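Residue strings, one per chain:
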Amino acid sequence: MKHIAIFALSLAVVPALFGAHPVEFETQLLAVDANEGIAVADYDKDGKLDISAGRNWYRNPGKSGAWVPRSLRIIEDKGGYAHSNGEHAYDVDGDGWIDVVSNSFWLPEVNWYKNPGEKGLKKGLLWKQNLLIDTKQKTNELCQFIDIDGDGKREWIANQWNKKAPMIVWYQDEQGNFKGHTIGPQSGHGIGFGDLNNDGRNDIVIGTGWYERPEGDPYAGPWRFHKNWTKSLSCPVLIRDVNGDGKNDLLWGNGHDYGVFAWLSKGVDDKGSFLYDEVKIDDSFSQAHALHFADLDGDGVDELITGKRVYGHNGRDPGADDVPVVMYYTWDKEFKAFGKHVAAKGAGIGLHIVTADLDDDGDLEIVVPGKEGTQILWNKRK
């Protein structure tokens, strides 16, 4: 079902309404490779947050020293892409050392890489590869490892760019074994999780519409699908009430063209179609393939973070050779408008955006992977 986009002056991006935002960033390049996934965790148990990104992990040196790349795993490349499209920090075997879980664009196996522990990390040993799940799916756009159903355990879900591929969630049983449940037969580029219809249950948004979570056991049967749009949505899209009207909105980037948008909710009709007014937040760069919320300025309100993915389709997307950027956006309640801010030029994003306080100074850094490099954007908030 198509909806007429309504553009109101009071909901536009109006940079002139805002003074200088109190956040500046300093970019540090860690390594250049084709990896596009990243995770942050205390891998060596020294009390400081480290970074893992594809082939390497980087030990946090503290206030002095260098972020040196240290071997983690061997990753092959295929057609300009590393066999890594999602990276997640998780203690799989429960030994107290945080491991890395990852998947690939074209391979069905979800593997986990065992942290070698204190001695192994010091020696620079590779982390042993182990099979976690064989999903049988080979069109993986982005892999997520999050608690979708609110049971305190993580579920594995791979967004399928193939619209005819089934939507499958892999959940953990009481013994921690993963079981696949087919949510429905429809997929599409883009994915997000949240309560789209405000019924108190988290739904799943994909590039062709949204799956409505049923009451009761989410794995008792298929979820009702609402075909609502056909878009190349970002991975993820974000679901949140940004304008404070009590209805959850949908924020998304065009993963392979120009544009970052907000669909401000007008509710859901009797047939389950999500009704919205579309607001263009920014169209100054292309390939906003990932979105992330975090409080960058410490005021208790999250900013929207995104940026340009570099060579998402190996140079075939509009604006592929434009200068990479990382952007963030504020929402002003008084003017009901988005404020637009540049976090970095020359740095872009891959498939993940992570924020964490790496230097323990009370504010959040932005950590991004990508084909132009793994990079830290150091928060220099005054």
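Bear in mind that the values here come from a model prediction, so they are computed numbers and not experimental data.

## Quick look at the overall build of the protein
- When you go through the protein residue by residue, the secondary structure sums to 1 helix and 30 strands.
- Taking 2.2 N^0.38 as the reference for a compact globule, 382 residues should give roughly 21 Å; the C-alpha atoms of the protein span a radius of gyration of 20 Å, in line with that estimate.
- Counting only C-alpha atoms, the protein reaches 60 × 50 × 40 Å along its principal axes.
- The burial tally for the protein puts 58% of its 382 residues in the buried class.

## A closer look at the sheet that holds strand β28 (residues 354-356)
- The 4 strands lie next to each other as β1-β30-β29-β28, forming an open sheet whose pairing is antiparallel. Two strands bound the open sheet, and with one partner strand each, they are β1 (25-31) and β28. Going from strand to strand, the sheet's axes swing by 20° on average, the running direction of each strand aside.
- Note that strand β29 (residues 365-368) and strand β30 (residues 374-379) share 3 bridges and pair antiparallel. Within the sheet, the bridge partner assigned to Val367 lies in β30 and is Ile376.

## Remarks on the sheet that holds strand β5 (residues 69-71)
- Strand order in this open sheet of 4 strands is β2-β3-β4-β5, and the pairing throughout is antiparallel. Two strands lie at the open edges of the sheet, namely β2 (39-41) and β5, each paired on one side alone. On average, adjacent strands in this sheet sit at an angle of 30° to one another, irrespective of strand direction.
- Bridge count for strand β3 (residues 50-53) against strand β4 (residues 56-58) is 3 bridges, and the pairing is antiparallel. By the bridge assignment, Ile51 is partnered in β4 with Tyr58.

## Points about the nonpolar core
- Of all hydrophobic cores here, the largest spans 18 residues; its most connected members are Leu251, Ile281 and Leu304.
- Listing elements by their share of this core, those giving two or more residues are β22 (258-268), β23 (274-286) and β26 (325-332).
- It is β26 that provides the largest number of residues to this core, a total of 4 residues.
- The contact partners of Leu304, leaving out residues within four places of it in the chain, are Leu238, Leu251, Val260, Ile281, Leu291, His292, Phe293, Met327, Tyr328 and Tyr329.
- Within the second largest apolar cluster, 16 residues are counted, among which are Val23, Ile305, Ala344 and Ile349.

## Section: the side chain of Asn248
- By the element assignment, Asn248 lies in the loop between β20 (238-240) and β21 (249-253).
- Look at Asn248 and you get buried, because its relative accessible area is 16%.
- At 3.3 Å, the side chain of Asn248 forms a polar contact with the backbone nitrogen of Asp241.
- Excluding its chain neighbours within four sequence positions, the residues that come into contact with Asn248 are Asp195, Leu196, Asn198, Ile239, Arg240, Asp241, Ser265 and Phe274.

## Observations concerning the pairing of strand β16 (residues 191-194)
- Burial of β16 is two-sided: the residues Ile191 and Phe193 facing one way and the residues Gly192 and Gly194 facing the other way are all buried.
- Bridge count between β16 and strand β17 (residues 203-206): 4 bridges; the pairing is antiparallel. Following the sheet pairing, Gly194 is matched in β17 by Asp203.

## A closer look at the pattern of salt bridges
- Under the definition given, this model contains 17 salt bridges.
- A salt bridge links Arg55 to Asp77; the nearest nitrogen and oxygen atoms lie 3.2 Å apart. On the criterion of sequence distance, the pair formed by Arg55 in the loop between β3 and β4 and Asp77 in strand β6 (residues 77-78) is long-range, its members being 22 residues apart.
- On the basis of relative accessibility, which here comes to 48%, the residue Asp77 falls in the partly exposed class.
- A salt bridge links Arg201 to Asp199; the nearest nitrogen and oxygen atoms lie 2.8 Å apart.

## As for the confidence of the model for the protein
- Summing up the model confidence of the protein, the mean pLDDT is 93 and the portion of residues at 70 or higher is 95%.
- Low confidence marks residues 1-12, where pLDDT is under 50. Its contacts with residues over four positions away, or in another chain, come to 26 contacts.
- The model gives residues 15-19 a pLDDT under 50, and that stretch makes 6 contacts with residues more than four places away or in other chains.

## Quick look at unusual backbone geometry
- The omega torsion of the bond from Cys235 to Pro236 falls at 5°, within 30 degrees of zero and hence cis.
- Locating Pro236 in the fold gives a position in the loop between β19 (224-227) and β20.
- Phi is positive for Asp360, close to 55°, though the residue is something other than glycine.
- Locating Asp360 in the fold gives a position in the loop between β28 and β29.
- A residue is classified by how much of its surface remains accessible, and Asp360, at 68% relative accessible area, is exposed.

Criteria and thresholds
What you see as residue numbers is a count from 1 along each chain, following the sequence as written. With pLDDT at 70 or above as the cut-off, local features in this predicted model cover only qualifying residues; side-chain atom pairs require 80 or more to be listed or tallied, and sums for whole chains, interfaces and linings still use all residues. Note that the side-chain values use all heavy atoms of the structure and ignore hydrogens as well as water. Counting from the N terminus, the helices are DSSP H or I runs at least four residues long and the strands are E runs at least two residues long. Put simply, the radius of gyration uses C-alpha atoms, and a globule should come to 2.2 Å times the residue count raised to 0.38. Here's how the labels work: a residue is buried when its accessible area is under 20% of the maximum for its type, exposed when over 50%, partly exposed in between, all with a 1.4 Å probe on protein chains only. Each pair of strands is called paired provided DSSP finds at least two bridges between the two strands. With axes taken as lines fitted to C-alpha atoms, and helix axes fitted only over the stretch in contact, angles between N-to-C directions fall between 0 and 180 degrees. Think of a nonpolar core as a cluster: buried Ala, Val, Leu, Ile, Met, Phe, Trp, Tyr and Cys residues, connected wherever their side-chain atoms sit within 4.5 Å. Whether two residues touch is decided by their heavy atoms; if any such pair falls within 4.5 Å, the residues are in contact. Residues adjacent in sequence count toward polar contacts only when both atoms are side-chain atoms; beyond that, a polar contact is any pair of N or O atoms within 3.5 Å, and within protein one must be able to donate a hydrogen and the other to accept it. Salt bridge, as applied in this entry: a Lys or Arg side-chain nitrogen positioned within 4 Å of an Asp or Glu carboxyl oxygen. Note on scores: pLDDT gives the predictor's confidence for each residue, bounded by 0 and 100.

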